[in-house]
There are 2 protein chains.
Amino acid sequence: MSSTDERLDEFELIRRYFSQPLVAADGVALGIGDDAALLEVPQGEQLVAAVDTLVAGRHFLPSTSARSIGHRALAVNLSDMAAMGATPRWATLALTLPEADPQWLEGFAGGFLALAQQHEVALVGGDTTRGPLTVSVQILGTVPHGTALRRDGGKAGDLLAVSGTLGDAGAGLKFARETPLSSDKSIQQLIERFDFPAPRVRLGVTARGLASAAMDISDGLVGDLPKILHASHLGAHIEVERLPISPALRAVAAEEEVRQLALGAGDDYELLLCVPPVKWQQLADAARQLNLTLNIIGELRAGSGIRWTLNGADFAPRVSGFNHFG
Amino acid sequence: MSSTDERLDEFELIRRYFSQPLVAADGVALGIGDDAALLEVPQGEQLVAAVDTLVAGRHFLPSTSARSIGHRALAVNLSDMAAMGATPRWATLALTLPEADPQWLEGFAGGFLALAQQHEVALVGGDTTRGPLTVSVQILGTVPHGTALRRDGGKAGDLLAVSGTLGDAGAGLKFARETPLSSDKSIQQLIERFDFPAPRVRLGVTARGLASAAMDISDGLVGDLPKILHASHLGAHIEVERLPISPALRAVAAEEEVRQLALGAGDDYELLLCVPPVKWQQLADAARQLNLTLNIIGELRAGSGIRWTLNGADFAPRVSGFNHFG
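Moving on to the pairing of strand β7 (residues 159-163) of chain B. Residue and element names in this part refer to chain B. Burial analysis of β7 places five of its five residues in the buried class, which makes it a mostly covered element. Inspection of the sheet shows β7 paired to strand β10 (residues 270-275) by four bridges, in the antiparallel sense. Its bridge partner lying in β10, V162 is registered against L272. In the sheet, β7 pairs with strand β11 (residues 294-301) via five bridges, with the strands oriented antiparallel. By the bridge assignment, L159 is partnered in β11 with E299.

This is the structure we're talking about:
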């Protein structure tokens, strides 16, 4: 590090690279610079809080750009807000860095802030420490009292639907490892889906009062579906042929590999929604207004366990969900 | 790792070692286990949010016990709430671990939870990831609207006071490095002050409406005092002979070293308070009710900069504050 960097203190570091959100933001009575931030939760709303960490070598590749890391660190947290139907409002950032590299910081802050501005989220606190690259973001949002989309609200007979397409980010990660500089348009699109996931925040807000339960798919459908079933004390039937697949993924992988990625790969950050049949059309129409596709992939059933079928025949997914300690 | 540990997933890890706060806690509508927690901010109160990270090799020694790391990770955040005069309510934990060692986790969770229970703080969210040991805690508290102790409220003529004694934790860190197994009572006390700091949460709440500004001393008085002066647009006069020193520190170090530790060493997590003279007696009495001593060490002055004196003569502190990127 240069002698200039050695004098960078925590506050200066944050101020220099994260200055944009320091302007007055909605509900921020006091932002970065004191011992803590002072925030105003709108009356009649509940606070929604989550935390997610990205670790170098575990959640991104050595070749991943700083801009992507900044984007993803916030995106995975925004996705938790989407899964609750909450409006994200504020974030704090705990950033552990091996060194204060200005170029890296500029890219990281750029990726983080562009997404923050898109969702009108203010960065209200931060802690920078020296050590192996680790990024923890805590996200705070609000939701009108009693309207949050929880995992335990599913009912037998609810349709199971997912937003967007599945398996793209998993394929993107594979190509980012193997052929990061490919000029193939489909491969570039898939890598982009891994590097810059789009959290479904507006869909989550829209689904309040329509979906009975929701979660985001971060660890893959096979890994995540049991969590919502466990919370709702239900089983499910999934028709594997209905999993939504993007043209890009179909273009670059064989059918069996496509299926495995759609079932097991994580990092898509699409929403998994439980929807009473009478609410389905309204929710699908609302999603279309957001330029998003919702696809029914199965339904919730009384009992426990998952029945997977492929074109009517029983099917056994070979993949297992992503596990941070697996 | 054993094959059992390999199957530990994030939720199971948290549930197994952090189960106590999963019981219903004040203001927690939905705790760990969904995509995010749902929390109730009392009407008329502002939300107070901060984040602090501990990194192995930077904020604690390789020899530091897991119990101390768990305690300190929460304590440094509670200290931020104390500095705002806020009541801490909820915390989330981002824990990056090289491996899921049950013995380490039990100690860490024990230290974290004992302090959480003492302050009635509920752990409402967590993310465990594999990587170099890094602990980020995000603390959430509340404060009646407009009563928070900010750094920018100081007025010329306010007394500057500190709680407890200064320099103990700095000495404790030194002894923990050099003579960790010493049987000397004073040395043990000082190491304890580093390993298990007591955040001044009740004092912070008590100081609302009495102090005009406050912060916690985490990086040492010389490093931290300028921050409150900068925020309040003021200077200060500090009488160095008035810095409160513990008998334990006096017993183990020479006068000049004691002074340097009290001025420059961090990690004491005492409060630095700006107090209008007319409010002083009331605040000092209130502190005494909490079994805490407050000591006047100087006063705020118009202008900028700090005049340091020792028994009436100008004095130049040689130490500089702790800087994470220094």
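All names here are of chain A. Read from one edge of the open sheet, seven strands run β8-β10-β7-β11-β9-β12-β13, paired in mixed fashion. Pairing within the sheet leaves two strands with one partner each, and these edge strands are β8 (213-217) and β13 (313-314). By the bridge criterion, four bridges tie strand β9 (residues 235-239) to strand β12 (residues 306-310) in an arrangement that is parallel. Among the inter-strand pairings, E239 is bridged to a residue of β12, identified as T309.

Residue and element names in this part refer to chain A. Summary statistics for chain A give a mean pLDDT of 90 and a share of 91% for residues scoring 70 or more. Here residues 1-7 is modelled with pLDDT under 50, and outside its nearest four sequence neighbours on either side it reaches 13 contacts, counting other chains as well. Contacts of residues 321-326 to residues separated by more than four positions or lying in other chains number 29 contacts, the stretch itself having pLDDT below 50. Overall fold confidence (pTM) sits at 0.91, and the ipTM for the predicted complex is 0.89.

Turning next to the interface of chain A and chain B. Contacts between the two partners involve 68 residues from chain A and, on the opposite side, 68 residues from chain B. A combined buried area of about 5,200 Å² lies between chain A and chain B, and 56% of that area is made up of carbon and sulfur atoms. Close ionic contact of R151(A) with D35(B) constitutes a salt bridge, the shortest N to O distance being 2.9 Å. The interface formed by chain A and chain B contains 17 residue pairs in polar contact (both at pLDDT 80 or more).

Bringing the pairing of strand β6 (residues 134-144) of chain B into the picture now. Across a regular strand the side chains alternate sides, sitting on one face of the sheet and then on the other. Residue and element names in this part refer to chain B. β6 sits mainly inside the fold: 10 of its 11 residues count as buried. Here nine bridges tie strand β4 (residues 87-97) to β6, and the two strands are oriented antiparallel to one another. Note on β6: the bridge partner recorded for A91 is I139.

Here the focus is the relation of the copies chain A and chain B. The two chain copies are related to each other by a rotation about an axis together with a translation along it. Overlaying chain A with chain B gives an RMSD of 0.0 Å, the required rotation being 180° about an axis along which the chain moves by 0.0 Å. What we have between these two chains is a two-fold relation. Looking at the interface residues of chain A, 100% of them are also at the interface in chain B, so both copies use one shared face.

Right, let's get into the packing of helix α5 (residues 168-178) of chain B against helix α6 (residues 185-195) of chain B. All names here are of chain B. Contact geometry of α5 with α6 gives a least axis separation of 7 Å together with a crossing angle of 110°. On the basis of their axis angle, the class for α5 and α6 is roughly perpendicular. Contact residues: α5 offers D168, A169, A171, G172, L173, F175 and A176, while α6 offers I187, L190, I191, R193 and F194. Of the residues contributing to the contact of α5 with α6, the split by class is nine nonpolar, one polar and two charged.

Before going further, it helps to spend a moment on the sheet that holds strand β1 (residues 28-30) of chain A. Judged by pairing direction, the sheet is mixed, and its six strands sit side by side in the order β1(A)-β2(A)-β3(B)-β6(B)-β4(B)-β5(B) without closing on themselves. Every other strand in the sheet has two partners, leaving β1 of chain A together with β5 (122-130) of chain B as the edge strands with one partner each. On average, each strand axis in the sheet is inclined to that of its neighbour by 20°, with strand direction left out of account. Two strands pair when backbone bridges link them, and β1(A) and strand β2 (residues 37-39) of chain A are joined in this way by two bridges, in the antiparallel orientation. Note on β2(A): the bridge partner recorded for L30(A) is L38(A). Lying over the sheet, helix α3 (residues 66-84) of chain B contacts β1 and β2 of chain A together with β3 (45-55), β4 and β6 of chain B, oriented at roughly 145° with respect to β3(B). Helix α4 (residues 102-118) of chain B contacts β4, β5 and β6 of chain B of the sheet and is inclined by roughly 165° relative to β4(B).

A separate point is the environment of P247(A). Structurally, P247(A) can be placed in helix α9 (residues 247-252). Note on P247(A): relative accessible area 67%, which makes it exposed.

Bringing the pattern of salt bridges into the picture now. Residues and elements named next belong to chain A. Taken as a whole, this structure holds 38 salt bridges over all chains when the rule is applied. The partner of K227 in a salt bridge is D224, and the shortest N-O contact between them spans 2.9 Å. Separated by three residues within a single helix, K227 and D224 lie in helix α8 (residues 221-232), roughly one turn from each other. A relative accessible area of 1% means that D224 is categorised as buried. Each of D168, R193, R200, D268 and E270 takes part in one network of salt bridges that share partners.

Conventions used here
Residues numbered from 1 in each chain as written. Chains lettered and ligands numbered in written order. Predicted model: local features only at pLDDT ≥ 70, side-chain atom pairs only at ≥ 80, totals over all residues. Heavy atoms only, no water. Buried < 20%, exposed > 50% of the residue type's maximum accessible area, 1.4 Å probe, protein only. Helix = DSSP H or I, 4+ residues; strand = E, 2+ residues; numbered from the N terminus. Pairing = 2+ DSSP bridges. pLDDT = per-residue confidence, 0-100. Contact = heavy atoms within 4.5 Å. Buried area = accessible area lost by both parts, 1.4 Å probe. Salt bridge = Lys/Arg side-chain N within 4 Å of Asp/Glu carboxyl O. Polar contact = N/O pair within 3.5 Å; in protein donor to acceptor, adjacent residues only side chain to side chain. Least-squares fit on C-alpha atoms with pLDDT ≥ 70 in both. Axes fitted to C-alpha atoms, helices over the stretch in contact; angles between N-to-C directions. Parallel < 35°, antiparallel > 145°, perpendicular 65-115°, else oblique. Nonpolar A, V, L, I, M, F, W, Y, C, P; charged D, E, K, R; others polar.

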